[in-house]
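# Geometric and topological summary
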Amino acid sequence: MIKVYVSSVIDVSADNLWQRIRDFNGMPQWHPSIADSRIENNEPSDRVGCIRHFHTRDGGMIRERLLGLSDYDFTCTYEILESPMGVENYVATLKLTPITDGNRSFAEWSAEFDCAEGRERELTETIGQGVFQVGLNALKQRSTR
């Protein structure tokens, strides 16, 4: 099992930042790599079990299922159902922790998955830097506006 972990400090309170990212269908509003998103079967985007179907700006299609969402712990856990990346058993969590000194947030985005032998390094880099860090950087940039 491959593990990817990325973290950042973001100059926005966890409460305010969570309002931006808790919507399982809202990634196009804050992640620059996501072109569009919809929740299948018109389910609410905060219902555990709902499936988001989205496209990346480079044309990839991904389907993910919401496994857990906690407004108390500021966590969102999901699994990939379909993806062009070639990952299996992919489960990821995006978590915020309040930093009371300066009213900031500690953001952690992690994933575990299986993949074909020889692709571990490539996928770790693509997911960690190309997806997770790009998303956290976008949240940082939005916080300075």
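What comes next concerns the included structure. (Residues numbered from 1 in each chain as written. Predicted model: local features only at pLDDT ≥ 70, side-chain atom pairs only at ≥ 80, totals over all residues. Heavy atoms only, no water.)

### So, unusual backbone geometry
Which entries qualify depends on this criterion: Only DSSP runs of H or I covering at least 4 residues are called helices, and only runs of E covering at least 2 are called strands; the numbering of each starts at the N terminus. Accessible area is worked out with a 1.4 Å probe on protein chains only. A residue is then buried under 20% of its type maximum, exposed over 50%, and partly exposed in between.
Even without glycine at this site, F74 takes up a positive phi of about 55°. Residue position: F74 is located in the loop between β4 (61–70) and β5 (75–82). Relative accessible area serves as the criterion here: at 10%, F74 is assigned to the buried category. Backbone geometry at N103 places phi at a positive 55°, although glycine is not the residue there.

### Quick word on the pattern of salt bridges
Stated formally: By salt bridge we mean one thing: a side-chain nitrogen of Lys or Arg within 4 Å of a carboxyl oxygen of Asp or Glu.
A full pass over the atoms with the stated rule returns nine salt bridges. As a salt-bridge pair, R52 and E64 come within 2.6 Å of each other at their nearest N and O atoms. Note that R52 is positioned in strand β3 (residues 51–56) and E64 in strand β4, a separation of 12 residues in sequence. E64 matches R52 in its accessibility class, with the two residues each being buried. Within the structure, one salt-bridge network assembled from shared partners comprises R22, D46 and D71.

### Considerations on the environment of L136
Keep this limit in mind: The contact rule is simple, with two residues in contact once any of their heavy atoms fall within 4.5 Å.
Along the chain, L136 turns up in helix α3 (residues 120–143). With 81 residues separating them along the chain, L136 and H55 place their C-alpha atoms 19 Å apart. Setting aside residues up to four positions removed in sequence, L136 forms contacts with V6, S7, S8, I10, L94, A107 and W109.

### Here we look at the side chain of E79
Formally: For the purposes of these results, a polar contact is taken to be a pair of N or O atoms within 3.5 Å, where, inside protein, one atom must be able to donate a hydrogen and its partner to accept one; residues adjacent in sequence count only when each atom of the pair is a side-chain atom.
Checked against the element boundaries, E79 lands in strand β5. Polar side-chain contacts of E79 include one of 2.8 Å to the side chain of R65.

### Thoughts on the nonpolar core
Rule in force here: For our purposes a nonpolar core is just a set of buried Ala, Val, Leu, Ile, Met, Phe, Trp, Tyr and Cys residues, chained together by side-chain atoms within 4.5 Å.
With 37 residues, the main nonpolar core has Y90, W109 and F132 as its most contacted residues. Not counting chain neighbours up to four residues away, the residues in contact with Y90 comprise Y78, E79, I80, A111, E112, F113, I127 and F132.

### Focus: the sheet that holds β4
Test applied: At least two DSSP bridges between two strands are needed for those strands to be called paired. Between N-to-C directions, angles cover 0 to 180 degrees, with each direction set by a line fitted to C-alpha atoms, over the stretch in contact for helices.
On the basis of which strands lie adjacent, the open sheet formed by seven strands has the order β1-β7-β6-β5-β4-β3-β2 and antiparallel pairing. At either end of the open sheet lies a strand with only one pairing partner, and these are β1 (2–10) and β2 (34–39). Neighbour-to-neighbour, the strand axes of the sheet open up by a mean angle of 20°, direction not taken into account. Sheet analysis places β1 next to strand β7 (residues 104–115), joined by nine bridges and oriented antiparallel. Of the residues in β7, the one forming a bridge with I2 is F113. This element, helix α1 (residues 14–21), spans β1, β4, β5, β6 (87–99) and β7 of the sheet and lies at about 150° to β6.

### Looking at the state of the cysteines
Keep this limit in mind: Throughout, a disulfide means two cysteine sulfur atoms within 2.5 Å of one another.
Applying the stated rule across the entire model yields zero disulfides. Note on C50: no disulfide assigned, nearest cysteine sulfur contributed by C76 at a separation of 8.7 Å. You can call C50 buried: its relative accessible area is 0%. A relative accessible area of 7% places C76 in the buried class.

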